[in-house]
Amino acid sequence: MTVVVSGFEPFDGAVDNPSWETAERLAERGEELVGERVVAVRLPVTFGGAWPALDAAVREHAPTVVVALGLAGGATRVRLERVAVNVRDARIPDNAGDQPVDEPVVAAAPVGYWSTLPLKASLAAVRAAGVPVEVSSTAGTYVCNDVFYALMHRWGAEPGRQAGFVHVPGADAVPVEDQVTAVAAVVRQALLGAPEPVLAAGTEN
Ligand code: PCA
């Protein structure tokens, strides 16, 4: 079995992006950390280019699990994203200068898709590993949500496939090595086909 984990190039004037460092480290130690081959893919922070790059990797490697990662700058915990929504509403231009506002990711397609990763089993596993984590019910409306939506619409909704998105905080809030620990725990739960525990993780607002 093969696992594809994607991360993003830097954006918004930053010089690095911990989502890519995390994906790369996980791929280097895939057998050790999750017991399977992990392929890392670096995506451009562009509405036009992110999904095509992930799509190419998925076609090449035929994975059973795909976890896309991105940086959530203000976050202090790893965020297991619950849902992708069919909208682009960019706060800042992407790395190609595009700034779509209130456009669909995919025209005439469903409003949203659930992650098919075992979110609550993952939440418990990441907590047990000692890394701050939460379930998030919005991945935003920028390139991360875009690639998450496209992944679920184009690939992840088929039976036998598991796909989803995890936002990581800046490395100052959660060190990259802890991010690797967290994402490895998520991937292991997916590979195990872990049943979902009843575990409340909602937010008030
Ligand atoms: N974070 C951005 C896009 C790339 C990234 O790492 C986002 O949350 O949409």
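Data block above holds the structure.
Predicted, not measured: the structure shown is a model, and the values here were computed from it.

Draft legend 1. Inspection of the nonpolar core at higher detail. Ranked by internal contacts, the top residues of the largest apolar core, which has 36 residues, are Phe8, Leu54, Val66, Tyr142, Val147 and Leu151. Contributions of two or more residues to this core are made by β1 (2-8), β2 (37-43), α3 (50-61), β3 (65-71), α5 (143-156) and β10 (162-168). Top contributing element to this core by residue count: α5, with nine residues. Not counting chain neighbours up to four residues away, the residues in contact with Val147 comprise Phe8, Leu43, Ala50, Trp51, Leu54 and Phe165. Residues Leu117, Val166, Val174 and Val176 belong to the second largest nonpolar core, which totals 33 residues.

Draft legend 2. Just the sheet that holds strand β4 (residues 78-81), in detail. Across the sheet, six strands lie side by side as β2-β1-β3-β10-β4-β9; this open sheet has mixed pairing. Two strands close off the open sheet at either side, each with one partner strand: β2 and β9 (133-136). Strand-to-strand twist of the sheet, defined as the mean angle between neighbouring strand axes without regard to direction, takes the value 25°. As defined by bridge partners, β3 adjoins β10 across seven bridges and the pair is classed as parallel. Note that in β10 the partner of Gly70 across the bridge is His167. Packed onto the sheet, α3 meets β1, β2 and β3 and runs at close to 155° relative to β2. Running over the sheet, α5 touches β1, β2, β3, β4 and β10 and is turned about 170° from β10.

Draft legend 3. Just unusual backbone geometry, in detail. Positive phi, close to 55°, is recorded for Asp12, a residue that is not glycine. Relative to the helices and strands, Asp12 resides in the loop between β1 and α1 (18-28). Of note in this structure, Ala108 is not a glycine but carries a positive phi near 55°. Along the chain, Ala108 turns up in the loop between β7 (101-103) and β8 (112-114).

Draft legend 4. Examining the packing of aromatic side chains more closely. Inspection of every chain in the model, using the stated rule, returns four aromatic pairs. For the pair Phe11 and Tyr142, a centre-to-centre distance of 6.1 Å together with 40° between the ring planes defines the contact as tilted. Taken together, the residues span a long stretch of sequence, with Phe11 in the loop between β1 and α1 and Tyr142 in the loop between β9 and α5 at a distance of 131 residues. Overall, Phe11 belongs to the buried group, its relative accessible area being 18%.

Draft legend 5. The arrangement of the pairing of β1 in detail. Of all seven residues making up β1, seven are buried, and the element is well covered by its neighbours. Neither face of β1 is open: one carries Thr2, Val4, Ser6 and Phe8, the other Val3, Val5 and Gly7, and all of them are buried. Two strands pair when backbone bridges link them, and β1 and β2 are joined in this way by seven bridges, in the parallel orientation. Looking across to β2, one finds that Gly7 is bridged to Arg42. In this sheet, β3 lies alongside β1 in parallel orientation, the contact comprising four bridges.

About the cut-offs
Residues numbered from 1 in each chain as written. Predicted model: local features only at pLDDT ≥ 70, side-chain atom pairs only at ≥ 80, totals over all residues. Heavy atoms only, no water. Core = buried A, V, L, I, M, F, W, Y, C linked by side-chain atoms within 4.5 Å. Buried < 20%, exposed > 50% of the residue type's maximum accessible area, 1.4 Å probe, protein only. Helix = DSSP H or I, 4+ residues; strand = E, 2+ residues; numbered from the N terminus. Contact = heavy atoms within 4.5 Å. Pairing = 2+ DSSP bridges. Axes fitted to C-alpha atoms, helices over the stretch in contact; angles between N-to-C directions. Phe/Tyr/Trp six-rings, centres within 6.5 Å; stacked < 30°, edge-to-face > 60°.

Honestly, it's all geometry; don't read function into it.
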